[in-house]
Amino acid sequence: MLDKLDRGWRVLATGISFLTFGIGGLLLRVLVFPALYVLVWQQEKRTKAARNIIRLTFRSFVGLMRQLGVLRYEITGLDKLERGGLLILANHPTLIDTVFLMAFVKNADCIVKSNLWSNPFTRGPVRAAAYISNEQGTELLEACIASLRAGNNLIVFPEGTRTPADGVISLKRGAANIAVRGVCAVTPVVIRCDPPTLGKGEKWWHVPERFAQFRIEVKEDIPIQHFIGAGQSDVMAARHLTEHLQHYFTEENQRHA
């Protein structure tokens, strides 16, 4: 009986959390960011302020989920994210991985799906923070490199979507192209969630039997000189780096399975 009550509460608490998230996004769009446009005229300062507001909002959201008993989390290696101009690549097991990273990464930039630019709950924050739209086509790579060179910390999920239920990680080549063409080391972040929840194709109300424990580990940088040396083309360098990252994240995933 107690287990059923606990699970029922976590279903309710998860619903409350996501409802709060949606309302918060709407309030940011309607109240906070219009005021920011009036008070801060310089675009660079306004963008930085918007990103700080989003970081603190996401931190509050994660804290709410923890207080409600939906999840627990621990983060190691957070000091590595104190630098600027980082290309942060992470695996993507759950729906809220982006929220976790953006809650703890200062001056974070990210690639945002085009539908979030028109979603009434997210378009305000997304536009105010000047995130990179994935609809930019051939200009997307240049926009990512420019963001890194401006000192932003770019968060990318190289899988492109959440990891499927079978746990098989399959990376696309876009993240490696950014690293190779931007000559930028990779800062890998490994995200684990036990028991699994909010995975690909999973409904939010399908909560596990106990609260989810998130473990987020910021690993040592992966230099790319080895991949871009010996005069090989950017295409081949990106392919080899993608293969290396595929093996890296798969091994990390299996090591703690």
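None of these values were measured; they are calculated from a predicted model.

What counts and what doesn't
- Residues numbered from 1 in each chain as written.
- Predicted model: local features only at pLDDT ≥ 70, side-chain atom pairs only at ≥ 80, totals over all residues.
- Heavy atoms only, no water.
- Helix = DSSP H or I, 4+ residues; strand = E, 2+ residues; numbered from the N terminus.
- Rg over C-alpha atoms; globule rule 2.2 N^0.38 Å.
- Buried < 20%, exposed > 50% of the residue type's maximum accessible area, 1.4 Å probe, protein only.
- Areas by Shrake-Rupley, 256 points an atom, 1.4 Å probe, with all protein chains shown as cover.
- Core = buried A, V, L, I, M, F, W, Y, C linked by side-chain atoms within 4.5 Å.
- Contact = heavy atoms within 4.5 Å.
- pLDDT = per-residue confidence, 0-100.
- Pairing = 2+ DSSP bridges.
- Axes fitted to C-alpha atoms, helices over the stretch in contact; angles between N-to-C directions.
- Phe/Tyr/Trp six-rings, centres within 6.5 Å; stacked < 30°, edge-to-face > 60°.

Of the regular secondary structure elements, the protein holds 8 helices and 7 strands. Against the 2.2 N^0.38 benchmark of 18 Å for 257 residues, the protein shows a C-alpha radius of gyration of 19 Å, consistent with a compact globule. With the principal axes as the frame, the protein shows a C-alpha extent of 65 × 50 × 30 Å. Across the 257 residues that make up the protein, the buried fraction comes to 44%. For the protein, the accessible surface area stands at approximately 13500 Å², while carbon and sulfur atoms represent 58% of it.

Time to look at the nonpolar core. In terms of nonpolar packing, the biggest core is built from 43 residues, with Leu-71, Ile-96, Phe-100, Tyr-131, Ile-155, Val-189 and Phe-214 touching the most fellow members. Contacts of Val-189, omitting those with residues within four sequence positions, involve Ile-88, Leu-89, Ala-90, Asn-91, Leu-101, Ile-216, Glu-217, Val-218 and Phe-249. If you look at the next biggest cluster of nonpolar residues, it comprises 27 residues, including Leu-87, Ala-175, Ala-176 and Leu-241.

To continue, consider the confidence of the model for the protein. With 98% of its residues at a pLDDT of 70 or more, the protein shows a mean pLDDT of 91. Across the protein, the secondary-structure element scoring lowest on mean pLDDT is helix 4 (residues 123-128), at 82, and the one scoring highest is strand 2 (residues 87-90), at 98.

In space, the 7 strands of this open sheet follow the order 1-7-6-2-5-3-4, with mixed pairing throughout. Of all the strands in the sheet, the pair left with one neighbour each is strand 1 (71-76) and strand 4 (132-133). Helix-sheet contacts for helix 8 (residues 234-255) involve strand 2 and strand 6 (186-194), and the interaxial angle to strand 6 is about 30 degrees.

This paragraph deals with the packing of aromatic side chains. A ring pair, where both rings are aromatic, is described by two values, the distance of the centres and the angle of the planes. One pass over the structure, following the stated rule, counts 8 aromatic pairs. Between the aromatic rings of Tyr-73 and Phe-100, the centroid separation amounts to 5.4 Å while the plane-to-plane angle is 70 degrees, which identifies the pairing as edge-to-face. Taken as a pair, Tyr-73 in strand 1 and Phe-100 in helix 3 (residues 97-104) lie far apart in primary sequence, 27 residues in all. Classification of Tyr-73 by relative accessible area gives buried; the value is 17%. Between Trp-204 and Trp-205, the aromatic rings sit 5.5 Å apart at their centres with planes inclined by 85 degrees, giving edge-to-face as the arrangement. Joined through ring pairs, the aromatic side chains of Phe-18, Phe-21, Phe-58 and Phe-61 make up one cluster.

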